[in-house]
Amino acid sequence: VQLQASGGGLVQAGDSLTLACAASASGRPFSLYGMGWFRQAPGKEREFVAAISSTGGSTDYTDSVKGRFTISRDNAKNTVYLQMNSLNFEDTAVYYCAAGFRPIPTLLRHGSAYDYWGRGTQVTVSS
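These numbers come from a predicted model, not from an experiment.

**Brief notes about the sheet that holds strand β8 (residues 79-84)**
For sheets, the rule is that strands pair by backbone hydrogen bonds, running either parallel or antiparallel. Pairing in this open sheet of four strands is antiparallel, and the strands run β1-β3-β8-β7 from one edge to the other. Of all strands in the sheet, those with a lone pairing partner are β1 (3-6) and β7 (69-74), marking the two edges. Between one strand axis and the next, the sheet turns through 15° on average, direction left out of account. Bridge count for β1 against strand β3 (residues 17-23) is four bridges, and the pairing is antiparallel.

**Section: the pairing of β3**
A large share of β3 lies buried, amounting to five of its seven residues. Note: β3 against β8, six bridges, orientation antiparallel. Bridged to A20 within β8 is Y81.

**Quick word on the pattern of salt bridges**
The full count for this structure, using the stated rule, is five salt bridges. Note that R39 and E47 form a salt bridge whose closest N and O atoms lie 2.6 Å from each other. Exposure remark for E47: the relative accessible area of 32% places this residue in the partly exposed category. We note a salt bridge from D91 to R39, for which the minimum N-O separation is 2.9 Å. Within this pair, whereas D91 is found in the loop between β8 and β9 (93-101), its partner R39 is found in strand β4 (residues 33-40), the two being separated by 52 residues in sequence. As far as burial versus exposure is concerned, D91 and R39 are alike and both buried. When salt bridges with common partners are traced through the structure, they connect R39, E47, R68 and D91 into a single cluster.

**Considering the environment of E45**
Checked against the element boundaries, E45 lands in the loop between β4 and β5 (47-52). Look past the residues within four positions of E45 in its chain and what remains in contact with it is R39 and Q40.

**Regarding the layout of surface pockets**
The space that makes up the largest pocket amounts to roughly 180 Å³. Together, R39, Q40, A41, P42, K44, E45, E47, F89, E90, T92 and A93 line the largest pocket.

Here is what the cut-offs are and how they apply
Residues numbered from 1 in each chain as written. Predicted model: local features only at pLDDT ≥ 70, side-chain atom pairs only at ≥ 80, totals over all residues. Heavy atoms only, no water. Pairing = 2+ DSSP bridges. Helix = DSSP H or I, 4+ residues; strand = E, 2+ residues; numbered from the N terminus. Axes fitted to C-alpha atoms, helices over the stretch in contact; angles between N-to-C directions. Buried < 20%, exposed > 50% of the residue type's maximum accessible area, 1.4 Å probe, protein only. Salt bridge = Lys/Arg side-chain N within 4 Å of Asp/Glu carboxyl O. Contact = heavy atoms within 4.5 Å. 1 Å grid on protein atoms, 1.4 Å probe; cavity = no way out; pocket = protein on both sides within 12 Å on 5 of 7 lines; lining within 4 Å. Points joined across faces, edges and corners; volume = space filled by probe spheres on them.

Listed below in structure tokens is the structure:
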């Protein structure tokens, strides 16, 4: 699976942004992959942001983005999204999407659980 993240950019604090991650066709249906978003700010370790199960029926978020970010997916389009509202300076980071093969719907919070990673898209929030 190849993942291509897009939608990053430079925004002001309080603005919204939607990231998209498109998965290329593989031998397994996209609908069998749990998907996640991670981010890495300069000088910091990569951190979990959000996850969605293969069916889209379950989602999980890190505390700092709950109520502001929404993860969703369109299995017909092989795409996962991250809607980000009320952005603040602390959200500045490179955002990565990841895919983990999980035929049984599972939420994956840890990076080690994922099999494939995209190249990342930069999100910069000016204060």
